[in-house]
Amino acid sequence: MAAVANMPVSDLLKSFKLKTKQQELLIRVSILCLVYILAFITRLFSVLRYESMIHEFDPYFNYRTTLYLTQNGFYDFWNWFDYESWYPLGRIVGGTLYPGLMVTAALIYRILHFLRFAVHIREVCVLTAPFFASNTTLVAYFFGKEIWDTGAGLVAAILIAVCPGYISRSVAGSYDNEGVAIFALLFTFYLFVKAVNTGSLAWSLASAFGYFYMVSAWGGYVFIINLIPLYVLVLLITGRYSMRLYVAYNCMYVLGMLLAMQIRFVGFQHVQSGEHMAAMGVFFLMQVFYFLDWVKHMLSDTKLFQAFLRITVTCAVTVGTIALGLGMLSGYISPWTGRFYSLLDPTYAKDHIPIIASVSEHQPTAWSSFMFDFHILLFLFPAGLYFCFKRLSDATIFIVMYGLTSMYFAGVMVRLILVATPAVCLISAIAVSATVKNLTVLLRSKNKGVQTGSTKGSGSSKASSKALLDQSQPFQKNGAIALLFGAFYLLSKYATHCTWVTSEAYSSPSIVLAARGAHGSRVIFDDYREAYFWLRQNTPPDAKVMSWWDYGYQITAMGNRTVIVDNNTWNNTHIATVGRAMSSYEDEAIEIMRSLDVDYVLVVFGGVTGYSSDDINKFLWMVRIGGGVFPVIKEPDYLVNGEYRVDKGAAPKMLNCLMYKLCYYRFGEMLTEYGKPPGYDRARGVEIGNKDIKLEHLEEAFTTSNWIVRIYKVKPPNNRW
Amino acid sequence: MSQKSRMAPKPDPQSASNVAAADAAAAQFSMDPFFHILKLVPFSFLRPPRLRLKLPSFSLPSAMTVFSLILLTYFMVVSGFIYDVIVEPPGIGSTQDPATGAVRPVVFLPGRVNGQYIIEGLSSGFMFVLGGIGIVLLDLALDKNRARSIKVSYSIAGISSIVIAYVMTTLFVRIKIPGYLR
């Protein structure tokens, strides 16, 4: 009876026993599923700690436009003129943004509503970035498989799922272009490399559409349109010209360019801007190569061909240079814009464009930022480059070029570590995969050696060599096992580091501040939202708010009021006007404010809480930008011996300018810290110089509970008698 | 037959004349317009000297040469060289001991993640490159075509490089960021 009962069980087990190939497929699919889930949940720290809200500044504009899109439809969104920002200029929203992110989120929203999941658009916006991060891990797997093998693909997926360089801009709540753009970037590169490897028209078309998605998503598409021609050029120089390359590049360039012109913000830049000329140049060079190849095929005389080659190349280069020169001289081809030129010449922004230089994300990178964002990938990157150079092919040349160019740009600007992350992860994955493969080959070779030694005859030399082999093999096997454990240890340290960095450094919403209280408890400062909600409820609907440009997007999105300048920073003179108003004495400032119809002024002040990103710390940038347009504002007026101070020894212009007065109004009576005099500024660590502040043309309207945001109302002019 | 030499030299007179001297019959059929112009003026009345010159031919460097150049560039980028050029921090910081008044050097810039002194950047960059080279040495050690003693020494060097680099890097980060992994 027991035997009968046992038999079906063993038959059942036998039917479940998979072949090796199926086992491998099962392992791969389960790893990818786990990685997909991991990439999503590691980005959810801030949602769990605070609540599901949008972070930072720029995402608020994206959220507002997505809201408008879902409420009013695509055509109204595409033709939207926003009169609530940049008063009195307004902003043509449809023509000055990259719509990819908003359209993607709106599409997901519509699909979910179609399936009868009635989610709010804010939830969709908050979780868009983690969703696309998970998709990026899948693309990284396929890309790794294309470059090296499936093992490298799996490791690449795992590495990119938790890499802090990517998490920093794609955490839940960070509803910004980069969350979608990195997916589009990697996807386009994967499709292009696949097209070059296979030479198929279908893959080339797919890469053109991938490029279109990237152009619609982020201004960083300029990287793609310069890296791919550079890659094609390198292939041509190293003698790897082939029909596959010709098909892939031509199709991708022409179709991609035509599709990119559909985005109004990009417009005709692909034929008019200096940044896109490299692609066009390489396009024509490819035609020359094809032509020469065809002529060589037709001619049988080599000497004749050499002469023809020389003439053609000379003519082509001359014609190209003349055309480029004519284009640049006549002004049809615009030179490189400041943002991208400062990547090639990093000292340019510091001297010429203070707005670009003032953003903290645009500073060059120090070693600790690299370490923070990459950890052991910094070791694996050069090793991976070595393996790529050992096995050069079209695909590995691409990934090497992508890695090197993106690492250089990451060194120039901290923000661009994000673009370098996929390349670093892929190359490191190659290193890990190749090393692990070497070690496991060592582990397996021992068995084979023993078997061949035992099957052969036992000659004396064989015996001695076998003895030698036997002596070293266990040592090698143990060494390989130890090294495998070492690799496992390093990778687990990497995972720990990444999770710690994500939790501590990259999961703060920036709009809600947290600090450790006296007994280690967490204290939350929700002052920003308090102030914006007050604005929304207690001011007339057509009120205009003047603040520094950092807060513009948040004021329009949450406070629902018109602002003078916001984060788009497209008009330097307008920002300089606001900067001038903030740095002038109150009498001059009120003239400027009346001319701009300002009703409320909003400043951010960190003296009570010790918050260091407040307007007093940003004040010098207001002076510099204002002084750049209006020479009446001179930076040395606000400094004492080149030093920026707010205490008794500060410059008189500093102690009486509008920003100082608005920040420190009534602060002189405030006791902020035990044992310090009243009016002690905790962010600067000094007692302020001018405690008795009287405002003549403004009155205080609202100060938040921790004094972080202060709103002042502009008094109407006195009645004349 | 080369088809990819972008540097197409103008056929200079010496080589043109050499070709003409070597292959008189082919000279008749030359398609090169420059050659014909030069044949007319000035070389119908000037006689070029007989020289034995060759155009310098350039060959692409080997893969490993390029790799070592790249390693050098990587070292410079990752040690924050561009940060050093733009922000111009001091080579090493200094702080004054409040008790004795002596000036003590400070190697790691405290307080921010994205800031460094020059020396701390260079030493960290060196550690990163050392770790990378360690992994490369490990791969070289597994190459079958070497003597066993070299393989053993490569593997020992590789393992020790990786261990030292990882330990030092973790130490540097712990010094720089006081709350690291807590």
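Nothing here was measured: the structure is a model prediction, and the numbers come from that model. (Residues numbered from 1 in each chain as written. Chains lettered and ligands numbered in written order. Predicted model: local features only at pLDDT ≥ 70, side-chain atom pairs only at ≥ 80, totals over all residues. Heavy atoms only, no water.)

Chemist: Residue-level account of the overall build of chain A, with values.
Modeler: If you tally the helices and strands in chain A, you get 31 helices and 11 strands. With the C-alpha coordinates of chain A rotated into their principal frame, the extents come out at 120 × 85 × 60 Å. Out of the 721 residues belonging to chain A, those deemed buried represent 53%. In the form shown here, chain A has an accessible surface area of approximately 31700 Å², with 62% of it arising from carbon and sulfur atoms. Charged side chains in chain A number 60 positive and 49 negative. The centres of these two groups are separated by 14 Å. (Helix = DSSP H or I, 4+ residues; strand = E, 2+ residues; numbered from the N terminus. Buried < 20%, exposed > 50% of the residue type's maximum accessible area, 1.4 Å probe, protein only. Areas by Shrake-Rupley, 256 points an atom, 1.4 Å probe, with all protein chains shown as cover. Lys, Arg positive; Asp, Glu negative; His and termini not counted. Charge placed at Lys NZ, Arg CZ, Asp CG, Glu CD.)

Chemist: Quick rundown of helix 25 (residues 527–538) of chain A? Include the residues and the values.
Modeler: Residues and elements named next belong to chain A. Taking 1.5 Å as the rise per residue, helix 25 with 12 residues should run 16 Å; its terminal C-alpha atoms sit 16 Å apart, in good agreement. Inspection of helix 25 places Asp527, Tyr528, Ala531, Tyr532, Trp534 and Leu535 among the buried residues, and these make up the whole buried set. Seen end-on, helix 25 carries its buried residues on one side only, within an arc spanning 155°. (Expected span 1.5 Å × (residues − 1). Arc of directions from axis to C-beta.)

Chemist: Could you give me a rundown of the packing of aromatic side chains, with the residues and numbers involved?
Modeler: Residue and element names in this part refer to chain A. Applying the stated rule across the entire model yields 58 aromatic pairs over all chains. Here the aromatic rings of Phe291 and Trp294 are separated by 6.3 Å at their centres, their planes lie at 35°, and the arrangement is tilted. Here the residue Phe291 and the residue Trp294 both occupy positions in helix 15 (residues 277–298), the gap between them amounting to three residues, near one helical turn. Overall, the relative accessible area of 37% leaves Phe291 in the partly exposed class. Plain terms: the ring middles of Tyr664 and Phe667 are 5.6 Å apart, the flat faces sit at 40° to each other, and that makes the pair tilted. Using a relative accessible area of 0% as the deciding quantity, one classes Tyr664 as buried. Taking the ring centre of Trp78 as reference, the NZ or CZ of Arg264 above it sits at 5.7 Å. Between the NZ or CZ atom of Arg624 and the centre of the ring of Trp621, over which it lies, the distance is 4.6 Å. (Phe/Tyr/Trp six-rings, centres within 6.5 Å; stacked < 30°, edge-to-face > 60°. Lys NZ or Arg CZ within 6 Å of the ring centre and 35° of its normal.)

Chemist: Residue-level account of the packing of helix 27 (residues 572–583) of chain A against helix 29 (residues 615–629) of chain A, with values.
Modeler: Residues and elements named next belong to chain A. Contact geometry for helix 27 and helix 29: axes closest at 7 Å, N-to-C directions at 120°. With respect to their mutual orientation, helix 27 and helix 29 come out oblique. In this structure, helix 27 crosses over helix 29, and the sense of that crossing is left-handed. Two secondary-structure elements touch here, helix 27 through Asn572, Thr573, Ile575, Ala576, Gly579, Arg580, Met582 and Ser583 and helix 29 through Phe619, Met622, Val623, Ile625, Gly626 and Val629. Partitioned by chemical class, the residues of the contact of helix 27 with helix 29 number eight nonpolar, five polar and one charged. (Axes fitted to C-alpha atoms, helices over the stretch in contact; angles between N-to-C directions. Parallel < 35°, antiparallel > 145°, perpendicular 65-115°, else oblique. Left-handed = near helix turned anticlockwise from the far one by under 90°. Contact = heavy atoms within 4.5 Å. Nonpolar A, V, L, I, M, F, W, Y, C, P; charged D, E, K, R; others polar.)

Chemist: Lay out the UniProt feature "transmembrane region" (unreviewed entry) in chain B with the relevant residues and their values.
Modeler: Residue and element names in this part refer to chain B. Residues annotated by UniProt as "transmembrane region" (unreviewed entry) correspond here to residues 60–83, 117–142 and 154–175. Helix makes up 92% of residues 117–142 and strand 0%, and the two end C-alpha atoms of the span are 39 Å apart. Secondary structure across residues 154–175 divides into 100% helix and 0% strand, with the first and last C-alpha atoms of the span separated by 31 Å. (UniProt positions renumbered as here; feature names shortened; annotations may be inferred.)

Chemist: Give a description of the sheet that holds strand 6 (residues 562–563) of chain A that names residues and reports values.
Modeler: If you walk across this open sheet you meet the five strands as 6-5-7-11-10 (chain A), and the pairing is mixed. Two strands bound the open sheet, and with one partner strand each, they are strand 6 and strand 10 (698–703) of chain A. (Pairing = 2+ DSSP bridges.)

Chemist: I'd like to hear about the confidence of the model for chain A, residue by residue, with values.
Modeler: The predicted model of chain A averages 89 in pLDDT, with 93% of residues at 70 or higher. Contacts of residues 449–465 of chain A to residues separated by more than four positions or lying in other chains number four contacts, the stretch itself having pLDDT below 50. (pLDDT = per-residue confidence, 0-100.)

Chemist: Break down the interface of chain A and chain B for me, with residues and values.
Modeler: With 65 residues of chain A at the contact, the number on the chain B side is 61 residues. Taken over both partners, the interface formed by chain A and chain B buries close to 5700 Å², and the fraction arising from carbon and sulfur atoms is 75%. Taken as a group, A:Trp367, A:Phe379 and A:Tyr386 account for 16% of the area that chain A buries against chain B, more than any other trio of residues on that side. Run the count over chain A and chain B and you get one salt bridge. As a salt-bridge pair, A:Lys390 and B:Asp139 come within 3.0 Å of each other at their nearest N and O atoms. The tally of links from chain A across to chain B stands at 11 residue pairs in polar contact (both at pLDDT 80 or more). If you tally residues by element for the side of chain A that touches chain B, the top one is helix 16 (residues 302–330) of chain A, at 12 residues. Classifying every residue of the side of chain A that touches chain B by side-chain character gives 41 nonpolar, 17 polar and seven charged. (Buried area = accessible area lost by both parts, 1.4 Å probe. Salt bridge = Lys/Arg side-chain N within 4 Å of Asp/Glu carboxyl O. Polar contact = N/O pair within 3.5 Å; in protein donor to acceptor, adjacent residues only side chain to side chain.)

Chemist: Residue-level account of the pattern of salt bridges, with values.
Modeler: Residue and element names in this part refer to chain A. Counting across every chain of the model gives 27 salt bridges over all chains. The partner of Arg624 in a salt bridge is Glu635, and the shortest N-O contact between them spans 3.2 Å. Taken together, the positions of Arg624 in helix 29 and Glu635 in the loop between helix 29 and helix 30 (652–656) put the pair 11 residues apart, joining distant regions of the chain. Note that Glu700 is salt-bridged to Arg710, the shortest N-O span being 3.3 Å. Linking Glu700 in strand 10 with Arg710 in strand 11 (residues 709–714), this pair joins segments that are 10 residues apart in sequence. Exposure remark for Glu700: the relative accessible area of 24% places this residue in the partly exposed category. A single network of salt bridges, built from pairs that share partners, joins Arg169, Asp176, Glu178 and Arg415.

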